[in-house]
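# Summary of structural features
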Amino acid sequence: GLRVVHRLSDYNLFCPRFDFLRAGEPCEKCLRESLWNTVRYRCVHGSLPASLIRVLSMFFHRLIGAFDRIDVFVVTNRFMEEKLVQSGVARERIRCIPTFTESAAIAPRYDHDGYVLYLGRVRPEKGAPCAVEAMKHLRDLDVRLRLTGTPADDTDGAIARLVAENGLADKVEFTGFLHGAELEKLISGALCVVCPSVLYDNLPNAILEAFAHGKPVVASNHGSFPGAIDDGRTGFLFKPNDAADLAAKIRRLCTEPGLAETLGRNARLQCEREHSPETHYRRLVAALTGQPAS
């Protein structure tokens, strides 16, 4: 007689790969057409057997109605909610409860130390090469890009090639793996945080961490980002995988007096209002007990 609540952190209910990504680009064929597209394109590890096994397992779970027993699906963003609806889940079974962060414990900083911060895994699907390429359009400005990671994380060498081909050695820097006070200091000193993901990110913590520190976010205009970032108010959205457009948004933050601070203050207020532990707890309890959303 207890309610069953399932929180979704990826797209595993309708994408055999979990991430809506095929050949390095977003793909929704399995949601809009048929799961057999995964077998056709060998999406799971580039393997026909692995793709077939994953698709058959999804068909089996659908056949036995495994997810019909779930009373409420909890998602962190409206994009995921719409994908669930498109997959056939009734909207009244879905609750959107954004992730929370302890912003009260963070003192925001609205000035900066002259760098843009890429906060996350240095991977092609997360858009790290796009962030690096954007710096070639900002040679005339005294601004650098700092990436949280090491050169060893650039497993396919894409970043190293971009740096060498465009002479960006003085514009791009790896910070190494940081945590705790060192990471807090790194975020606090940034002009902004960039989230140039190629894939449909599921409200990454990098956004909340940036907002809590009073930093605007510049992110790809797809997935959960348009719902998390108020374009022109808490940050900017740019055309996915378009380094020139990303650079143009960063340029505005660098050259328009007071803009980064204004957006950063708005971002902090949004974080306090929408992403506090208290707000999250209230919404989660409502979902667990079947109360109306608030």
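As a starting point, this report considers the structure included with it. (Residues numbered from 1 in each chain as written. Predicted model: local features only at pLDDT ≥ 70, side-chain atom pairs only at ≥ 80, totals over all residues. Heavy atoms only, no water.)

Counting 33 residues, the largest nonpolar core has Val132, Leu145, Leu147, Val194 and Leu253 as its most contacted members. If you list the elements that add at least two residues to this core, you get β6 (115–118), α5 (128–134), β7 (144–147), α6 (158–166), β9 (190–195), β11 (235–238), α10 (243–255) and α11 (259–274). With near-sequence residues (within four places) excluded, Val132 lies in contact with Leu145, Leu147, Ile159, Leu162, Val163, Leu168 and Val172. Within the second largest apolar cluster, 25 residues are counted, among which are Leu186, Ala228, Leu237 and Ala267. (Core = buried A, V, L, I, M, F, W, Y, C linked by side-chain atoms within 4.5 Å. Buried < 20%, exposed > 50% of the residue type's maximum accessible area, 1.4 Å probe, protein only. Helix = DSSP H or I, 4+ residues; strand = E, 2+ residues; numbered from the N terminus. Contact = heavy atoms within 4.5 Å.)

Our next topic: the layout of surface pockets. Of the voids in this model, the largest pocket is the one considered here, and its volume is about 540 Å³. What lines the largest pocket is a set of 32 residues, and nearest its centre among them are Leu119, Gly120, Arg121, Lys126 and Pro204. Only β9 and α8 (205–212) provide two or more residues apiece to the lining of the largest pocket. It is α8 that contributes the most residues to the lining of the largest pocket, three residues altogether. Classifying every residue of the lining of the largest pocket by side-chain character gives 15 nonpolar, nine polar and eight charged. (1 Å grid on protein atoms, 1.4 Å probe; cavity = no way out; pocket = protein on both sides within 12 Å on 5 of 7 lines; lining within 4 Å. Points joined across faces, edges and corners; volume = space filled by probe spheres on them. Nonpolar A, V, L, I, M, F, W, Y, C, P; charged D, E, K, R; others polar.)

Another point: the state of the cysteines. Applying the stated criterion across every chain, the model contains zero disulfides. Summary of cysteine pairing: Cys96 is not part of a disulfide, and the nearest cysteine sulfur, belonging to Cys271, is at 15 Å. Residue class for Cys96 comes out buried when judged on its relative accessible area of 18%. Cys195 provides the cysteine sulfur closest to Cys271, a residue in no disulfide bond, and the two sulfurs are 13 Å apart. (Disulfide = S-S within 2.5 Å.)

Under the criterion given, the structure shown has three cavities of 30 Å³ or more. Taken as a whole, the largest cavity holds about 100 Å³ of empty space. Lining of the largest cavity is provided by 14 residues; of these, Cys15, Cys27, Cys30, Thr38 and Cys43 occupy positions nearest its centre. Put simply, the parts of the chain that give the lining of the largest cavity at least two residues each are β2 (21–22), α1 (29–32) and α2 (36–41). With three residues, α2 is the largest single contributor of residues to the lining of the largest cavity. A class-by-class count of the residues in the lining of the largest cavity yields eight nonpolar, two polar and four charged.

Attention now moves to a nonpolar patch on the surface. On the surface, a cluster of nonpolar side chains totalling about 350 Å² of accessible area is made up of Trp36, Leu52, Leu56 and Phe59. If one sorts the elements of the nonpolar patch by residue count, helix α3 (residues 48–63) sits on top with three residues. Summarising the element assignment, Leu52 is placed in helix α3. (Patch = residues over 30% accessible without salt bridge, like charges linked within 9 Å, V, L, I, M, F, W, Y side chains within 5 Å. Areas by Shrake-Rupley, 256 points an atom, 1.4 Å probe, with all protein chains shown as cover. Salt bridge = Lys/Arg side-chain N within 4 Å of Asp/Glu carboxyl O.)

One open sheet accounts for six strands, arranged β8-β7-β6-β9-β10-β11; its pairing is parallel. Sheet topology places β8 (172–174) and β11 at the edges, where each strand pairs with a single neighbour. Averaged over all pairs of adjacent strands, the angle between strand axes in this sheet comes to 25°, irrespective of strand direction. Pairing of β7 with β8 involves three bridges; the strand directions are parallel. Pairing of Leu147 across the sheet is with Phe174, part of β8. (Pairing = 2+ DSSP bridges. Axes fitted to C-alpha atoms, helices over the stretch in contact; angles between N-to-C directions.)

Moving on to unusual backbone geometry. Phi is positive for Ala23, close to 55°, though the residue is something other than glycine. Here Ala23 shows up in the loop between β2 and β3 (25–26). Judged by its relative accessible area of 77%, Ala23 falls in the exposed class.

For Ser103, the position within the fold is in the loop between β5 (94–96) and β6. Its relative accessible area of 6% is what places Ser103 among the buried residues. Sequence-distant contacts of Ser103, defined by excluding residues within four places in its chain, comprise Ala212, Arg268, Cys271 and Glu272.

A few words now on helix α12 (residues 277–289). Between its first and last C-alpha atoms α12 spans 18 Å; for 13 residues at 1.5 Å apiece the expected length is 18 Å, and the two agree. Inspection of α12 places Pro277, Thr279, His280, Arg283, Ala286 and Ala287 among the buried residues, and these make up the whole buried set. Buried positions along α12 lie against β1 (5–7), β4 (72–75), β5 and α11. Looking one or two places after α12, you find Gly290, whose phi comes out positive at around 80°. (Expected span 1.5 Å × (residues − 1).)

For the rest of this paragraph, the subject is the packing of aromatic side chains. Taken as a whole and judged by the stated rule, the model has seven aromatic pairs. Taken together, a centroid distance of 5.8 Å and an interplanar angle of 15° make the contact between Phe14 and Phe20 stacked. In this structure Phe14 comes out as buried when scored by relative accessible area, which is 1%. Residue Phe20 is classed as buried on the basis of its relative accessible area, which comes to 1%. When the centroid spacing of 5.8 Å and the interplanar angle of 75° are considered together, the rings of Phe20 and Tyr200 count as edge-to-face. Separated by 180 residues along the polypeptide, Phe20 in the loop between β1 and β2 and Tyr200 in the loop between β9 and α8 bring together distant segments of the chain. In this structure Tyr200 comes out as buried when scored by relative accessible area, which is 12%. An aromatic cluster of at least three residues, connected via ring pairs, comprises Tyr11, Phe14, Phe20, Phe79 and Tyr200. Directly above the aromatic system of Tyr110 lies the positively charged group of Arg265, at a separation of 4.0 Å from the ring centroid. (Phe/Tyr/Trp six-rings, centres within 6.5 Å; stacked < 30°, edge-to-face > 60°. Lys NZ or Arg CZ within 6 Å of the ring centre and 35° of its normal.)

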